[in-house]
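Fold and geometry: a report
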Amino acid sequence: MTAETPERARRLSGRVVAATHNPGKLREIRELLAPHGVEAVGAAELDLAEPEETGRTFRDNAAIKAEAAARASGEPALADDSGLCVEALGGAPGIYSARWAGDSRDFAAAMARIERELRAAGAPRPWRAHFVSALALAWPDGRIQTFEGRVDGDLVFPPRGTAGFGYDPIFLPDGHDRTFGEMRAEEKHGVPADGSLALSHRARAFQKFARECL
Ligand code: ITT
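Read on for a plain summary of the structure. (Residues numbered from 1 in each chain as written. Predicted model: local features only at pLDDT ≥ 70, side-chain atom pairs only at ≥ 80, totals over all residues. Heavy atoms only, no water.)

Looking now at the overall build of the protein chain. Scanning the protein chain for helices and strands turns up 5 helices and 6 strands. The order of helices and strands in the protein chain, counted from the N terminus, is β-α-β-α-β-α-β-β-β-α-α. Taken against the 2.2 N^0.38 rule, which gives 17 Å for 214 residues, the C-alpha radius of gyration of the protein chain at 17 Å falls within 12% of a compact globule. With the principal axes as the frame, the protein chain shows a C-alpha extent of 50 × 40 × 30 Å. Of the contacts formed within the protein chain by residues at least 6 apart in sequence, a portion of 59% connects residues at least 24 apart. Total accessible area on the protein chain stands at roughly 10200 Å², and carbon and sulfur atoms take up 49% of it. (Helix = DSSP H or I, 4+ residues; strand = E, 2+ residues; numbered from the N terminus. Rg over C-alpha atoms; globule rule 2.2 N^0.38 Å. Contact = heavy atoms within 4.5 Å. Areas by Shrake-Rupley, 256 points an atom, 1.4 Å probe, with all protein chains shown as cover.)

Following this line, the structure appears as structure tokens:
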């Protein structure tokens, strides 16, 4: 049902429902869409319920969220499912990245848990990890398109920087000496005008999405 390259691409214009309740993500999605003249209205603003994320992959969960929002709103909906995969922890927290922060969304605790588990496992440095973002665009008629992006890097402790959200302060992307938490928004998820590869997982997924849908 989901495909990276749909038979007939559909273009998005006007407005889209951003099927997320995460304000950090919503901000990034808005900033990514704005240059294309597409406005994003957040799921919380429309009072949309949060569906249960029962999928086993980022793509499945993104599709669940986008489809639920498109059905409930009658408008096209764009969802992101994303997470941090730590190699020495077998890819954890992965699709459970939000859950590791608990109901209170305590990412300081979630980052501390990652450090604790790496030390307990005796994992040799560098502590490799990657962020993944799956974007799903669902149309009210049930059609869905998905796109995935990834960025690799090392984990650093203690966390550095206060920008961004979630696990940004411990993620040092390859080729950079500042964490996502120390970068300006534009550096983390800006899309280069010359068509070269963006830095963040979400911006990389967005580049694929933009090629097909904007
Ligand atoms: P929605 O489902 O409502 O979109 P969520 O926060 O629950 O919000 P996810 O299920 O996709 O979203 O969980 C992804 C988690 O992974 C997110 O809460 C962050 O902690 C982390 N994450 C994803 N992208 C990130 C990024 O760019 N920087 C830092 N942490 C990120």
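What follows picks up the thread again.
Glancing now at the side chain of Thr179. Among the structural elements, Thr179 can be located in the loop between β6 (171-173) and α4 (185-189). Relative accessible area serves as the criterion here: at 0%, Thr179 is assigned to the buried category. With sequence-adjacent residues up to four places away left out, Thr179 is seen in contact with Val156, Arg160, Asp168, Pro169, Phe171, Leu172 and Pro173. (Buried < 20%, exposed > 50% of the residue type's maximum accessible area, 1.4 Å probe, protein only.)

Let us now look at the site of the ligand. The environment of the ligand is formed by 22 residues, the closest being Thr20, Lys25, Phe107, Asp168 and Lys188. Within the side chain of Lys65, a nitrogen or oxygen atom sits 2.8 Å from an oxygen atom of the ligand. Here Arg202 contributes a side-chain N or O atom positioned 2.8 Å from a nitrogen atom of the ligand. Contact with the protein chains covers 97% of the free accessible surface of the ligand, which is 610 Å². Placement of the ligand is best described as lying within the largest pocket. (Near = heavy atom within 4 Å. Polar contact = N/O pair within 3.5 Å; in protein donor to acceptor, adjacent residues only side chain to side chain. 1 Å grid on protein atoms, 1.4 Å probe; cavity = no way out; pocket = protein on both sides within 12 Å on 5 of 7 lines; lining within 4 Å. Sits in = over half its atoms within 2 Å of the grid points.)

On to the pattern of salt bridges, then. Tallied over the full model, the rule gives 19 salt bridges. With a shortest N-O distance of 3.3 Å, Glu148 and Arg59 are connected by a salt bridge. Placement of the pair is Glu148 in strand β5 (residues 144-155) and Arg59 in helix α2 (residues 58-73), with a sequence separation of 89 residues. Classification of Arg59 as partly exposed rests on a relative accessible area of 22%. Through salt bridges with shared partners, a single ionic network connects Lys25, Glu28, Asp80, Asp168, Lys188 and Arg202. (Salt bridge = Lys/Arg side-chain N within 4 Å of Asp/Glu carboxyl O.)

This part is about the layout of surface pockets. In this structure, the largest pocket occupies an estimated 790 Å³ of space. Looking at the largest pocket, it is lined by 36 residues, and the ones nearest its centre are Asn22, Lys25, Glu53, Ala98 and Arg105. Among the secondary structure elements, those contributing two or more residues to the lining of the largest pocket are α1 (23-33), α2, β3 (77-86) and α5 (201-213). With 4 residues, β3 is the single largest residue contributor to the lining of the largest pocket. Looking at the lining of the largest pocket, its residues break down into 15 nonpolar, 9 polar and 12 charged. Quantified by volume, the second largest pocket comes out at close to 150 Å³. Elements with a contribution of two residues or more to the lining of the second largest pocket: α1 and α4. If you tally residues by element for the lining of the second largest pocket, the top one is α4, at 3 residues. Among the residues making up the lining of the second largest pocket, the classes are represented as 4 nonpolar, 3 polar and 2 charged. (Points joined across faces, edges and corners; volume = space filled by probe spheres on them. Nonpolar A, V, L, I, M, F, W, Y, C, P; charged D, E, K, R; others polar.)

These values are about where atoms sit, not about what they do.
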